[in-house]
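Chain residues, written in single-letter form:
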Amino acid sequence: MWVLADPRAGTAAQALGIAEALGRPFRTVPLAWGPLARLPLRWATLAGLAPAARAVFVPPWPRLVIAAGRRSAPVALWLKARGARLVHCMRPGFAEARFDLLVLGRHDDPAPAGNVLPILGATHRVSAAKLEAARGEFATLAALPAPRVALLLGGPVRGEGMAAEVAAAIGRQVAGFAGSVMASASRRTGPAATAALAAALAGVPHRLFRWGDAPPNPYLGFLAQADLVVVTGDSVSMLSEALATGAPLLIADPGGLGPRHRRLGDSLIAAGAARRLGEGPASAGRAPLDETARVASEIIGRGLLS
């Protein structure tokens, strides 16, 4: 089994999470894109890969390939021509009937088909076992006053940093009902918005992990120890990972969300898995959601590993 790992961490995590959930040995094949990857390559080819990445494609060929993202689709189909079965996350953009299993978010409104498995959010690498390990590694967070709120900030999908006033407003809202806040700012949050968030949280016990802070990154610890999770609606990965916990999930509006990210939030709310930040915390928790394990079970049930 091969996993085609896109350079974007969130995209690669969708494929890697499925492979890890299968519990079988696999090889991670890092993908690096050359200039031709910018073109809409709609056939089986390695042409989009940089030469060094292309050089690792040598036999023996895998029986199963797990990939994610539009750019990896031509590479996966090239391996299908050599006997591999294909599991693909996200729309490939062409030849969808040639993939053995397409794992598509409900927010992308996939048309029913025999090879399509709609899921809530996206697959990821946050498992119950990893959360349990993080609960022990970051046990000191349990001493923070309850309710402990994990606040996970992203930022513009394409752009430079979240608006500082938006980050501050989200911080103030969360501080209003939190006993303590465990906040994490990403690269896309930006230093100005992170500083504004820190100022907004000054009046409440909190831990703030800034982008670029020295490891260890407490992200999994924040999720594991949270009584409630707040995530900005721009991050498919963080929203999906938050669903792996049993904590209520609130979606914060970072501003500038496109239609796809708005549909994602709407799909989580319609399923009863989340609420808007402005609506306040839910009165009760919910069952953890493990869509990645469901995909792994589907792969086994369809005999794609045999």
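This one's a predicted model, so the numbers in the text were calculated from it and none came from an experiment.

Parameters and conventions
Residues numbered from 1 in each chain as written. Predicted model: local features only at pLDDT ≥ 70, side-chain atom pairs only at ≥ 80, totals over all residues. Heavy atoms only, no water. Helix = DSSP H or I, 4+ residues; strand = E, 2+ residues; numbered from the N terminus. Rg over C-alpha atoms; globule rule 2.2 N^0.38 Å. Buried < 20%, exposed > 50% of the residue type's maximum accessible area, 1.4 Å probe, protein only. Contact = heavy atoms within 4.5 Å. Areas by Shrake-Rupley, 256 points an atom, 1.4 Å probe, with all protein chains shown as cover. Core = buried A, V, L, I, M, F, W, Y, C linked by side-chain atoms within 4.5 Å. Pairing = 2+ DSSP bridges. Axes fitted to C-alpha atoms, helices over the stretch in contact; angles between N-to-C directions. 1 Å grid on protein atoms, 1.4 Å probe; cavity = no way out; pocket = protein on both sides within 12 Å on 5 of 7 lines; lining within 4 Å. Points joined across faces, edges and corners; volume = space filled by probe spheres on them. Nonpolar A, V, L, I, M, F, W, Y, C, P; charged D, E, K, R; others polar. Right-handed = clockwise from strand over helix to strand, strands pointing away. Phe/Tyr/Trp six-rings, centres within 6.5 Å; stacked < 30°, edge-to-face > 60°. Lys NZ or Arg CZ within 6 Å of the ring centre and 35° of its normal.

### Side note on the overall build of the protein chain
Inference 1: From N to C terminus, the protein chain includes 10 helices and 12 strands.
Inference 2: Radius of gyration (C-alpha) of the protein chain: 20 Å, near the 19 Å computed for a compact globule of 306 residues.
Inference 3: By principal-axis analysis of the C-alpha atoms, the protein chain measures approximately 60 × 40 × 35 Å.
Inference 4: Residues classed as buried in the protein chain amount to 52% of the 306 residues present.
Inference 5: Taking the intrachain contacts of the protein chain between residues at least 6 apart in sequence as the baseline, contacts between residues at least 24 apart amount to 63%.
Inference 6: Carbon and sulfur atoms form 57% of the exposed surface of the protein chain, whose accessible area is close to 13,300 Å².

### Focus on the nonpolar core
Inference 1: Core analysis: the biggest nonpolar cluster contains 32 residues, and Val229, Val231, Leu249 and Leu268 have the highest contact counts within it.
Inference 2: The set of elements that each furnish at least two residues to this core consists of α4 (128–137), β7 (148–153), α7 (219–225), β10 (228–232), α8 (236–242), β11 (249–252) and α9 (259–270).
Inference 3: With near-sequence residues (within four places) excluded, Val229 lies in contact with Ala150, Leu152, Leu223, Ala242, Thr245, Ala247, Pro248, Leu249 and Leu250.

### Considering the sheet that holds strand β5 (residues 101–105)
Strand pairing in a sheet takes place through backbone hydrogen bonds and is either antiparallel or parallel in direction.
Inference 1: Strand order in the open sheet made by the six strands is β2-β1-β3-β4-β5-β6, with parallel pairing throughout. Edge positions in the sheet fall to β2 (27–30) and β6 (116–119), since each of these pairs with one other strand and no more. With direction set aside, neighbouring strand axes in the sheet form an average angle of 20°.
Inference 2: Here strand β3 (residues 64–68) pairs with strand β4 (residues 85–89) via five bridges, running parallel. For Ala68, the partnering residue across the bridge sits in β4 and is Cys89.
Inference 3: Lying on the sheet, helix α10 (residues 291–301) is in contact with β3, β4, β5 and β6; it crosses β6 at an angle near 165°.

### Thoughts on empty space enclosed by the protein
Inference 1: Applying the stated rule across the entire model yields two cavities of 30 Å³ or more.
Inference 2: A volume near 50 Å³ is recorded for the largest cavity.
Inference 3: Lining the largest cavity are Trp33, Ala37, Leu39, Leu41, Thr45, Gly48, Arg70, Arg71, Pro74 and Val75.
Inference 4: Of the residues in the lining of the second largest cavity, the class split is four nonpolar, two polar and one charged.

### Here's the deal with the pairing of β2
Inference 1: Of the strand pairs in this sheet, strand β1 (residues 2–5) and β2 are connected by four bridges, and their pairing is parallel. Bridging across to β2, Val3 finds its partner in Thr28.
Inference 2: Taken together, β1, helix α1 (residues 9–22) and β2 constitute a β-α-β crossover, and its handedness is right-handed.

### Considerations on the pairing of β11
Inference 1: The alternating pattern of β11 places Leu249 and Ile251 and Leu250 and Ala252 on opposite faces, both of which are buried.
Inference 2: As paired strands, β10 and β11 are joined by four bridges and run parallel to one another. Across the sheet, the residue bridging to Val231 is Ile251, located in β11.
Inference 3: As for the winding sense of the linkage, the β-α-β connection from β10 through α8 to β11 is right-handed.
Inference 4: In this structure, β11 lies alongside strand β12 (residues 275–276), joined through two bridges in parallel fashion. Considered in β12, the bridge of Leu250 is made with Arg275.
Inference 5: In terms of handedness, the path from β11 via α9 over to β12 forms a crossover that is right-handed.

### Considering the sheet that holds strand β9 (residues 206–209)
Inference 1: Taken in spatial order, the six strands make up an open sheet running β9-β8-β7-β10-β11-β12, and their pairing is parallel. Single-partner strands in this sheet number two, and they are β9 and β12.
Inference 2: In this structure, β7 lies alongside strand β8 (residues 180–185), joined through six bridges in parallel fashion. Each residue of the ladder has a partner; that of Leu153, found in β8, is Ala185.

### Side note on the packing of aromatic side chains
Inference 1: Evaluation of the coordinates by the stated rule reveals four aromatic pairs.
Inference 2: Pairing Trp2 with Phe57 gives two aromatic rings, centres 5.9 Å apart and planes at 75°, and the pair type is edge-to-face. In this pair, Trp2 sits in strand β1 while Phe57 sits in the loop between α2 (51–54) and β3, placing the two residues 55 residues apart along the sequence. Summarising the burial analysis for this pair, Trp2 and Phe57 share the class buried.
Inference 3: Ring pairing ties together the aromatic residues Trp2, Phe57, Trp61 and Trp78, which thus form one cluster.
Inference 4: Here the basic side chain of Arg27 rests over the ring of Trp2, its NZ or CZ set 4.6 Å away from the ring centre.

### As for the environment of Gly159
Inference 1: Within the secondary structure layout, Gly159 lies in the loop between β7 and α5 (164–175).
Inference 2: Of the residues examined, Gly159 reaches a relative accessible area of 47% and is grouped as partly exposed.
Inference 3: C-alpha of Gly159 to C-alpha of Glu137: the two residues are 22 residues apart in sequence and 34 Å apart in space.

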